[in-house]
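# Observations on the model geometry
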Amino acid sequence: MDMFNKDKNSSNMETKRFLEFKLGDESYAVGLLKVREVITPPEVTAIPKAQPYVCGLINLRGTVLTVIDLRKKLGIRPGQDASQNAVIIFDLDERLVGVVVDSIQKVLNIDETKIKPVPDSDGQGMAHILGILHHEEKLTMWLDPKSLLDGSAPLKVAA
Amino acid sequence: MFNPNTPVLVVDDMSTMRKIVAKILRDLGFTNITEAADGNQAWETINKAPAPIGLIISDWNMPNCTGLELLKRLRGDKNISRIPFILVTAEAEQHQVAEAVKSGVDQYVVKPFSKDALQAKLEMVHKKYAAAA
Amino acid sequence: MDDFEIELKHDFLQEARELLQNTEQSFLELEKDPSNKTLIDAIFRFAHNLKGTSRAVGFGQIAELTHRAENLLLEIKQEKIFATDLIVSTLLLFNDKVREMIDGLEENLDAVFDCEQLMKDLDAIIAGEAAAPVATPAAASFEPEVEVEVEAKSVESFEEPQVETVAQAVVHKLPEKKEVKKEPRKDDETLRVSLNRLEVLNNLVGELVIIQSVVESALGKSGELKTARSLGKLCKDIQDLSMSLRMVPVGPSFQKLARIVRDTSKLLNKKVDLRLIGEDTEIDKTVAESLGDPLVHIIRNAIDHGLETPAERIAAGKPEEGVVEVMAFHEGNFLVIQITDDGKGINGSKLIEKARAKGIIPDSMNLTEQQAIELIFHAGFSTKEVVSEVSGRGVGMDVVKTNIEQLGGEVKVRSKLGSGSCFRLMLPLTLAIIDGMLIKAGGQQLVVPKGQVQEVIRLEENMITQMTGRRPYMNLRNTIIPVFYLEEDWGSVATGEKANIAMIVRHNDQSFAIGITDIMRQQQVVVKPPTKEILNKQGVMGTTILGDGKPSLIIDLINLYSRKLRQEMNNDSMVQAA
C-alpha cells in the first residue's frame, strides 16, 4: 500500500494504474487497486453441478474462495501455452474471488486522456467494460471485475 | 498558582466525571494528570506514582473506599507529606462537609463546577500551602 | 455543542448503560431483601452518580428525574421510608425510563422525554402519599415498544417541526436493535474487538495449524521431531485460545429473566422463586444473542401455564411459592439449558383432544403420553382456551423449537402431571466448529454434520427396492424409508461407483437413507461461510478447510433431502390425483 501511495503523491494525479493480462490472445486490464494478489494456479476443490466457468474452491490463507475461469464465462478460447497461467485474486468489497487468466502482462500507467469511452455499440455485454486504454499503439479493454463477477449471466466480450 | 507540571490525581468512580475534571485541569494548563476509580486505587497510585502526587481532586461517594476515607487514610499516614486535597461533593452531601474539614480537607467544590470555580479553589489551596512552606 | 461535549455525552450514555445493567437486578433483590444496607448503598450511589454526571454533561432531564429517585433512595437509606413492593415497582419504572431516555439520547442528543408522571409518583412517595404508579411495570415491560413510541412522538411533536417528527417516529419503530447495538463498556482490563477481526484471526490460526503439520512431517525425517511436536502443541493451544475468544457467559441472558419472572408473576398473582444456576457457563457470542427470546418465552409459559395459583398449590399439598429453575451446563460440545418448574405439568390427554379438535392429528391416531406432550411444539397450537395475556401472543412453542433448531440445537420436553415440566435446550457451543464426518460420494470429498446422522449401515444390493419412475426405498427394521444417493446431487462426476454405505437421517418423524461411497473419518471442522457462487445451491451449509489444507463443502443433509422428499411427495400426489 505504501508503494501505491508514494506513486500517487509523487506522480501526476491524472495517471491511473492497471494490471494487464491475457485471456486467450487478447489483452485486458483491470484497475490495480481491485487486485489483492496474483498466485500460481492452485489445486482446486471442484464444486459439483456448478456453472461450467466455476473452477472450484481454494484456500487462501484460511479464507475459502471461488476460482472462476473468465475465458469460459466470456467465451474466449484459451491460449495454447498453459504454463504462464495465473490466478488473479480480486478484492470485491468484502469478498475475494479468484480468476484464471492465460498470463500476466504488466502494470500499466495510463494517462487519463488516453482512456477512451467504449464506442456506443448495440453489442450486449459491454456493461462490464469501463473504457479502452490506448498505450504503445495498442488498445486494451478495461474490465470492471465487480460487474463481471457479480453478475451471473454468461457474457460475450470477444468481437 | 500550581506548577503546570504538578502531578494531579483525579479520583471518581464515573469515568465520564474523571474525563470532565481532567479536561478542566488541562484547560487550566496542567499536563500531568492521573486517574483512579476509587479510594483504594487512588491510595495505590499515591504510593506507587513515579513522581509524588502534588494535588488530589476526589469524588466523595465511591464504592470500596470513599473520598472521605481516602482523605483520612492520607492524613493519618506520617510517611506521606501533606498533599493538597480537594473534595468534590454533590449538594446532598454538603451537610457532611464539616466532617471533611475536620479530617483535613483543603477545599471542596460542588458538582457540576466550572473551570473558573475550580481555578478559584485551586488558587486558595495553593496560597495556603505556599504560606505554610 | 463542541466535539468534546458530544464525545462526553456519548461517553456518559455508554457508562450509564453499563450501570443500568446491574441496577435492575439490584432493584429486584431489594424487593426480596428490603433492608439490605449494602444493596441500598449501592443503589443510592448509582442514582447519585447518575444524577451528578448527567447534570455535568448537560442531560438536564435525566438529572431532574434521577434527583427525585435519589431523594427517595436517601429516605430509604436513612430508614425513613421502607422499600415496599409498590416503591420497588416505581423504582423499576424509573429504571426503565432512564434506559428509554438513554436509548433515545443515543439517537438524538437533544431528545426530550415525558417523565412528568413518574416524577410526580416519586415525589408522592416521598411526601408519604402512596400513589399507585399509573402503568404497572408488568404491562409496561410486555409491550415497551409501543409505549416508547407513543410517548416519544407526543413529546417531540411539541419540540420539532412536523417533518422531523415523522422521521423520528420511524426511528422509534425499530426498537429491537437498540438492545444489542451497544454493549456496555467494560473496565480497563477488557478490550472490545470486532467479531470480524476474531474471524480473521481464527482463519490465520487454522492455517498455522495446517502448515505446522506439514512442517512436522518434513522435520520428522531430519530427526527434529521433538521440536516439531512442541510447535504443534503450541499451535493447538493458540487455536483453542483464539476459538475461546468468541465465548461469553450466559449470565446476561439469564439476568433478563429475573425481571420477566417478577412482572409475569405479579400480573398473574402467582408466587415464583426463580433459581438461576450456572450463569458463568460460556457459549459462542452469536448463539448467546439468539438465546434470549426462546428463554423468555419458555419462562413465561412455565409461569402462565405451568405453575398453579397459590391457592391451587396449597390444595395440591405444595408450597405456596412455585419454583422455576434455570440451569446451564456443558455436555460434550453442547450447552444445555434446563428450565424446570414444579407446577401442574402438561396434560397429554387434553392436548390430544385439542389436536383432534383442530384437525392436527386424525381421530384414529393413538399417541403415547410423550408424543402427546410433544404436541405443544406443533405449529398453531395454543393450549389455553382463551389466549392469555401473558404467553399467548401468537408466538407458540413451535417458534421456540424452530429458533433453537436454526442454531443447530434441539428442544426436548419432559413432563409429569401434577409435579411439573422440564424443557431442555441443547445448543452447539459454537457455530464456528462442528463435529463433522468426512465422506466420499461420486468422486468428491464432502463433510456432513455428524449430529444429523442417526446411524450408518452397510448397504447390500438386495436391501433396496427400485421402482421405475419412483424413489427407491428400503426396509429399515420394518419401516419403509426412501433412499437417496448423494452422488446425484453432490458428486462431481457420475462414477458409477456403488453406494456401499447409507447414512440414516431423521427429520420430523421421517427417516431417509442417503447412499454414499465411503466414510473417511470423523473430525471437528471450522465452519466458514459459503462463497457467493455456491450460496444459493441447495443443501450447502458452508465450507471448511480440511487437515491437508484443501477446502471442502459442508452439506446440510436435512435441509437438502427433507425439501427434496417433500417435492417428490407433492409430485406423487399430483400424479395420483391425475
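Calculation criteria
- Starting from 1, residues in each chain are numbered consecutively following that chain's sequence as written.
- Each chain gets a letter, beginning with A, and each ligand a number, beginning with 1, in the order they are written.
- The model is predicted, so local features are restricted to residues of pLDDT at least 70 and side-chain atom pairs to those at 80 or more, both for listing and for counting; the totals for chains, interfaces and linings are taken over all residues.
- Helix and strand assignments come from DSSP, with helices taken as H or I runs of at least 4 residues and strands as E runs of at least 2, each series counted from the N terminus.
- Counting other C-beta atoms within 10 Å of each residue's C-beta, where C-beta atoms are placed from the backbone, gives the exposure class: buried for 20 or more, exposed for 12 or fewer, partly exposed between.
- Two residues form a contact once the distance between their C-beta atoms, set from the backbone, is within 7 Å.
- Under the scheme applied here, ten amino acids are nonpolar (Ala, Val, Leu, Ile, Met, Phe, Trp, Tyr, Cys and Pro), four are charged (Asp, Glu, Lys and Arg), and all others, including Gly, are polar.
- A score between 0 and 100, pLDDT records how confident the predictor is in each residue.
- Take the buried Ala, Val, Leu, Ile, Met, Phe, Trp, Tyr and Cys residues, join any whose C-beta atoms are within 7 Å, and the set you get is a nonpolar core.
- In short, DSSP must find at least two bridges between two strands for them to pair.
- Axis geometry follows a simple rule: fit a line to the C-alpha atoms, using only the stretch in contact for helices, then measure angles between N-to-C directions, giving values from 0 to 180 degrees.
- Oblique is the label for every angle not falling under 35 degrees (roughly parallel), over 145 degrees (roughly antiparallel), or within 65 to 115 degrees (roughly perpendicular).
- Definitions for this section: a left-handed crossing has its near helix turned counterclockwise from the far helix by less than a right angle. A right-handed crossing has that turn clockwise.
- This arc describes the spread of directions from the helix axis toward the C-beta atoms.

What follows concerns the overall build of chain C. Summing up its helical and strand segments, chain C has 20 helices and 18 strands in all. Of all 578 residues assigned to chain C, the portion counted as buried reaches 35%. A separation of at least 24 residues holds for 66% of the contacts in chain C among residues at least 6 apart in sequence.

Looking only at helices and strands, one finds 5 helices and 5 strands in chain B. Sequence-ordered secondary structure for chain B, helices as α and strands as β, is β-α-β-α-β-α-β-α-β-α. For chain B, the proportion of its 133 residues judged to be buried stands at 36%.

What follows deals with the interface of chain A and chain C. Listed as interface residues are 16 residues of chain A and, on the opposing side, 20 residues of chain C. Mapped onto the side of chain A that touches chain C, the elements with two or more residues apiece are strand E4 (54-60) and strand E5 (63-69) of chain A. Split by residue class, the side of chain A that touches chain C holds 9 nonpolar, 5 polar and 2 charged.

Residue and element names in this part refer to chain C. When pLDDT is averaged across chain C, the result is 79; 84% of the residues are at 70 or more. Across chain C, helix H15 (residues 310-315) holds the top mean pLDDT of 93, while helix H7 (residues 144-159) sits lowest at 35. Here residues 383-389 scores under 50 on pLDDT; set against residues more than four positions off or in separate chains, the count is 9 contacts. Taken over the whole predicted complex, pTM reads 0.52, whereas the ipTM for its chain interfaces reads 0.82.

Looking now at the nonpolar core. Nonpolar side chains tend to gather and get buried jointly when the protein is soluble and globular. Membership of the largest hydrophobic core comes to 68 residues, with the highest contact counts inside it found for Ala-29 and Val-99 of chain A together with Ile-514 and Ile-555 of chain C. Those residues in contact with Ala-29 of chain A, other than ones at most four positions away along the chain, are Phe-18, Leu-19, Glu-20, Leu-108, Leu-133, Thr-140, Trp-142 and Leu-143 of chain A. Counting residues in each nonpolar core, the second largest holds 66 residues, with Val-88 of chain B together with Leu-13, Phe-44 and Ala-47 of chain C among its members.

All names here are of chain C. An order of E10-E14-E15-E13-E12-E11 is seen for the 6 strands of this open sheet, with the pairing classed as mixed. On the outer flanks of this sheet lie strand E10 (453-458) and strand E11 (464-467), each paired with one strand and no other. On average, each strand axis in the sheet is tilted by 35° relative to the strand beside it, whichever way the strands run. By the bridge criterion, 4 bridges tie strand E12 (residues 470-476) to strand E13 (residues 479-485) in an arrangement that is antiparallel. When the bridges of E13 are listed, Leu-476 appears paired with Thr-479.

Residues and elements named next belong to chain B. Its place among the elements puts Thr-89 in strand E4 (residues 85-89). Judged by the 21 C-beta atoms lying within 10 Å of it, Thr-89 falls in the buried class. As for Thr-89 and Val-110, which are separated by 21 residues in sequence, their C-alpha atoms are 4.9 Å apart.

Facing the 14 residues of chain B at the interface are 15 residues of chain C. Considering only residue class, the side of chain B that touches chain C consists of 7 nonpolar, 3 polar and 4 charged.

Turning to the sheet that holds strand E6 (residues 410-416) of chain C, a few remarks are in order. Residue and element names in this part refer to chain C. Overall, mixed pairing links the 5 strands, which are arranged E2-E4-E5-E7-E6 in an open sheet. The sheet terminates laterally at strand E2 (272-277) and E6, the two strands that pair on one side only. When the angles between neighbouring strand axes are averaged without regard to direction, this sheet yields 15°. As paired elements, strand E5 (residues 334-341) and strand E7 (residues 420-428) share 8 bridges and run antiparallel to each other. Bridge pairing links Thr-340 to Cys-422 in E7. Sheet strands touched by helix H12 (residues 251-268): E2 and strand E4 (322-331). Its angle to E2, the strand with the most contacts, is close to 175°. The sheet strands contacting helix H14 (residues 292-306) are E2, E4, E5 and E7, and the helix crosses E5 at an angle near 20°.

The next subject is the pairing of strand E17 (residues 540-545) of chain C. All names here are of chain C. With 6 of 6 residues buried, E17 lies mostly within the body of the structure. With 5 bridges connecting them, E17 and strand E18 (residues 551-555) associate as antiparallel partners. Its bridge partner being in E18, Gly-542 is matched across the sheet by Ile-554.

This next bit is on the packing of helix H3 (residues 60-77) of chain C against helix H5 (residues 116-126) of chain C. Residues and elements named next belong to chain C. Two elements in contact, H3 and H5, have axes separated by 9 Å at closest approach and are oriented at 20°. One element, H3, and the other, H5, form an angle in the roughly parallel class. H3 and H5 meet at a crossing whose hand is left-handed. Contacts between H3 and H5 involve Leu-65, Arg-68, Ala-69, Asn-71, Leu-72 and Glu-75 from the first element and Leu-118, Met-119, Leu-122, Asp-123, Ile-125 and Ile-126 from the second. Taken together, the residues that form the contact of H3 with H5 break down as 8 nonpolar, 1 polar and 3 charged.

Time to look at H5 of chain C. Helical periodicity: at 3.6 residues per turn, an α-helix aligns residues three or four positions apart in one direction. Residue and element names in this part refer to chain C. The complete set of buried residues in H5 reads Leu-118, Asp-121, Leu-122 and Ile-125. On an axial view of H5, the arc spanned by its buried residues comes to 95°, and they lie on one face. Buried residues along H5 sit against H3 and helix H4 (85-107). Of the residues one or two after H5, Gly-128 is the one with positive phi, at around 90°.

We now examine the pairing of strand E9 (residues 444-449) of chain C. All names here are of chain C. The element E9 is extensively covered by neighbouring structure, given that 5 of its 6 residues are classed as buried. The pairing of strand E8 (residues 433-441) with E9 spans 6 bridges and is classified as antiparallel. In the strand pairing of E9, Ile-439 is matched with Leu-446. Two elements, E9 and E18, share 2 bridges in a ladder whose sense is parallel. Its bridge partner lying in E18, Leu-446 is registered against Leu-553.

What follows deals with the confidence of the model for chain B. When pLDDT is low, close inspection of the predicted coordinates is not appropriate. Per-residue confidence for chain B gives a mean pLDDT of 86; residues scoring 70 or more make up 95%. Mean pLDDT values for the elements of chain B range from 79 in helix H4 (residues 97-102) of chain B up to 94 in strand E1 (residues 8-11) of chain B.

Before going further, it helps to spend a moment on unusual backbone geometry. Leave glycine aside and you will find that most residues have negative phi; peptide bonds, for their part, are mostly trans. Positive phi values are uncommon outside glycine, yet Arg-61 of chain A reaches one of about 45°. Here Arg-61 of chain A lies in the loop between E4 and E5. Take Arg-61 of chain A: there are 11 C-beta atoms within 10 Å of it, and that puts it in the exposed class. For Asn-64 of chain B, which is not glycine, the phi torsion reads 65° and is therefore positive. Turning to its location among the elements, Asn-64 of chain B is positioned in the loop between strand E3 (55-59) and helix H3 (67-75).

This part covers the packing of helix H1 (residues 15-27) of chain B against helix H1 (residues 3-32) of chain C. The N-to-C vectors of H1 of chain B and H1 of chain C enclose an angle of 155°; their axes lie 9 Å apart at closest approach. Relative to H1 of chain C, H1 of chain B is oriented roughly antiparallel. Here Ser-15, Thr-16, Lys-19, Ile-20 and Lys-23 of chain B of H1 of chain B lie close against H1 of chain C, whose contacting residues are Phe-4, Leu-8, Asp-11, Phe-12 and Glu-15 of chain C. A per-class count over the contact of H1 of chain B with H1 of chain C returns 4 nonpolar, 2 polar and 4 charged.

Once that is clear, we can look at helix H16 (residues 348-357) of chain C. Residue and element names in this part refer to chain C. Within H16, burial applies to Gly-348, Leu-351, Ile-352 and Lys-354. The buried residues of H16 occupy an angular sector of 165° when the element is viewed end-on, so they sit on one face. Counted as exposed and oriented over 90 degrees from the buried face of H16: Ser-349, Glu-353 and Ala-357. As for H16, its buried residues are in contact with helix H17 (369-373). Positioned one or two residues after H16, Gly-359 has a phi angle of 75°, which is positive.

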